[in-house]
Amino acid sequence: MPSIEAVEAALSLAEKDSSKVLGLTLGEQRINTPGQFVPKADAQREPQLSFNVSFGKYIVISTDIDAPFPSFGVLGPILHWIQPGYEPSNDITATGEAILKTSAPFVANYIGPAPPPGSSPHRYVFLLYEQPDGFDGKKFAPKNGNPLGNWQRMRFDLDAFTREAKLGPVLAANYFRSN
């Protein structure tokens, strides 16, 4: 089973140190506190990201660590998004963080929450890493910019991906709960 230890460690870091909380805005709703509840209808579009940085290039990875049910996670974690090429913009949030923007092609297109009927809320985790020099997203992405299929998303091995992509430690993390 793919390890979620890195995810749990990142969530713990964000919950203990507010400077490590990745800014997430879903429509009009800003996730100020890790673990806030967001109705799944409100989280179907890519979130706006922000963080307290002034330069650099970043990559975000999002997973559902509770699939298909929080008490029975045999399919998890499920990959929800890998997006490289984020850079701080001149746009600043009300809390003073730079809004991160990208025009790079995705590695794995964003998919919103979709827990099965009857499930309790799932945790949708967002991890921000510094993007290494020479990162080639095409190496990891489906051909021709196609969306990533559901099968390739199940049991996502974050540890293996971070090793192969040569990502360093998690810089910031956040998550919301939804069902």
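Residues numbered from 1 in each chain as written. Predicted model: local features only at pLDDT ≥ 70, side-chain atom pairs only at ≥ 80, totals over all residues. Heavy atoms only, no water.

The chain appears in an unreviewed UniProt entry as Protease inhibitor (Tfs1), putative from Aspergillus clavatus.

This part covers the overall build of the chain. Counting its secondary structure elements, the chain contains 3 helices and 9 strands. Each helix and strand of the chain, placed in order from N terminus to C terminus, yields the pattern α-β-β-β-β-β-β-β-β-α-α-β. Against the globule reference of 16 Å for 179 residues, the chain gives a C-alpha radius of gyration of 15 Å, in line with a compact fold. Expressed along its principal axes, the backbone C-alpha trace of the chain runs to roughly 45 × 35 × 25 Å. Every one of the 179 residues in the chain was classed for burial, and the buried ones make up 48%. Within the chain, residue pairs in contact and separated by at least 24 positions form 76% of the contacts whose partners lie at least 6 positions apart. With the model as given, the accessible surface of the chain reaches about 9200 Å², and the carbon-plus-sulfur share is 51%. (Helix = DSSP H or I, 4+ residues; strand = E, 2+ residues; numbered from the N terminus. Rg over C-alpha atoms; globule rule 2.2 N^0.38 Å. Buried < 20%, exposed > 50% of the residue type's maximum accessible area, 1.4 Å probe, protein only. Contact = heavy atoms within 4.5 Å. Areas by Shrake-Rupley, 256 points an atom, 1.4 Å probe, with all protein chains shown as cover.)

Ile 61, Ile 82, Leu 127, Tyr 129 and Phe 161 are the most contacted members of the largest nonpolar core, which totals 27 residues. Where this core is concerned, the elements lending two or more residues are helix H1 (5-16), strand E5 (58-64), strand E6 (78-92), strand E8 (122-130), helix H3 (158-164) and strand E9 (172-178). One finds Leu 22, Leu 24, Ile 31 and Tyr 58 within the second-largest nonpolar core, a separate group that totals 20 residues. (Core = buried A, V, L, I, M, F, W, Y, C linked by side-chain atoms within 4.5 Å.)

Turning to the pattern of salt bridges, a few remarks are in order. Applying the stated rule across the entire model yields 4 salt bridges. One salt bridge connects Arg 123 with Glu 8, and the closest N-O pair in it is separated by 3.7 Å. A residue pair is termed long-range when its members are at least 10 positions apart, and Arg 123 in strand E8 and Glu 8 in helix H1 qualify at 115 residues. In this structure Arg 123 comes out as partly exposed when scored by relative accessible area, which is 22%. Taking relative accessible area as the criterion, Glu 8 reaches 33% and is therefore assigned partly exposed. The partner of Asp 66 in a salt bridge is Arg 123, and the shortest N-O contact between them spans 2.8 Å. (Salt bridge = Lys/Arg side-chain N within 4 Å of Asp/Glu carboxyl O.)

To continue, consider the sheet that holds E5. The strands making up a sheet associate through hydrogen bonds between their backbones, and the pairing can be parallel or antiparallel. The 9 strands are arranged E2-E1-E4-E7-E6-E5-E8-E9-E3 in an open sheet whose pairing can be described as mixed. A strand with exactly one partner marks an edge of an open sheet, and here the two such strands are strand E2 (29-31) and strand E3 (36-37). Here strand E1 (residues 23-26) pairs with strand E4 (residues 48-51) via 3 bridges, running antiparallel. Within E4, the position partnered with Leu 24 by the bridge is Leu 49. (Pairing = 2+ DSSP bridges.)

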